[in-house]
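Here's the letter readout for the chains.
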Amino acid sequence: MLSLIDEYDGAEYVFRRVTPDLVGTWHFSFILAENGMVLNLAENGLPPSFTLNSDGTAQMNMEGEILNDFWQQKGNRVYDSSGSFFTYEDGMLIMEDEGYRIMLVRADAAKTDNKAPRPAKSAAEFDGHWVTCTIETIGVEIPASQIMMGFQIRPSIHHASG
């Protein structure tokens, strides 16, 4: 994770490394309604999770109830056996359903404490391509895609060693 603070308004811009690998556990994080209302599922206890296994199987965990399924990746979309899909965008999996956008973040990203980042051991840890995922201002964290109106901040960092 890479985080920048805007000195003008104090907004925190959080970047995550761009990666095509979607295998892992994803937590349902936010639901965004058409009217702009944002529901942060993590604030309401343990959110449901969706685990994508490398063998094509998947598990949905909703309050301890496990539902087994299959998944398949086609481009930036992840399809389940019913044909429903999530789109990989801004480091998140996003599903649109009846006027709502349901956003999932990786389990390891959800555990990251943006207020107390781990110091990097070397500048080389920041090498790679990054994309804005969330912006936090006045105590509210919002997916960047919802407030940047298509504009992306995509820094590339290259550390010359030696």
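Peer 1: An account of the overall build of the protein chain is requested, with residue identities and associated values reported.
Peer 2: Of regular secondary structure, the protein chain possesses two helices and 14 strands. Intrachain contacts of the protein chain at a sequence separation of at least 6 include 52% that bridge at least 24 residues. Put simply, the protein chain shows about 10,000 Å² of open surface, and 54% of that area lies on carbon and sulfur atoms.

Peer 1: Explain unusual backbone geometry to me, and be specific about the residues and the numbers.
Peer 2: Of note in the backbone geometry, E63 takes a positive phi value of approximately 55 degrees without being a glycine. Topologically, E63 is positioned in the loop between β6 (57–62) and β7 (65–74). We classify E63 as exposed; its relative accessible area is 84%. With a phi angle near 50 degrees, E98 is a residue other than glycine that sits in the positive phi range. Structurally, the position occupied by E98 is in the loop between β10 (92–97) and β11 (100–106). A residue is classified by how much of its surface remains accessible, and E98, at 74% relative accessible area, is exposed.

About the thresholds
Residues numbered from 1 in each chain as written. Predicted model: local features only at pLDDT ≥ 70, side-chain atom pairs only at ≥ 80, totals over all residues. Heavy atoms only, no water. Helix = DSSP H or I, 4+ residues; strand = E, 2+ residues; numbered from the N terminus. Contact = heavy atoms within 4.5 Å. Areas by Shrake-Rupley, 256 points an atom, 1.4 Å probe, with all protein chains shown as cover. Buried < 20%, exposed > 50% of the residue type's maximum accessible area, 1.4 Å probe, protein only.

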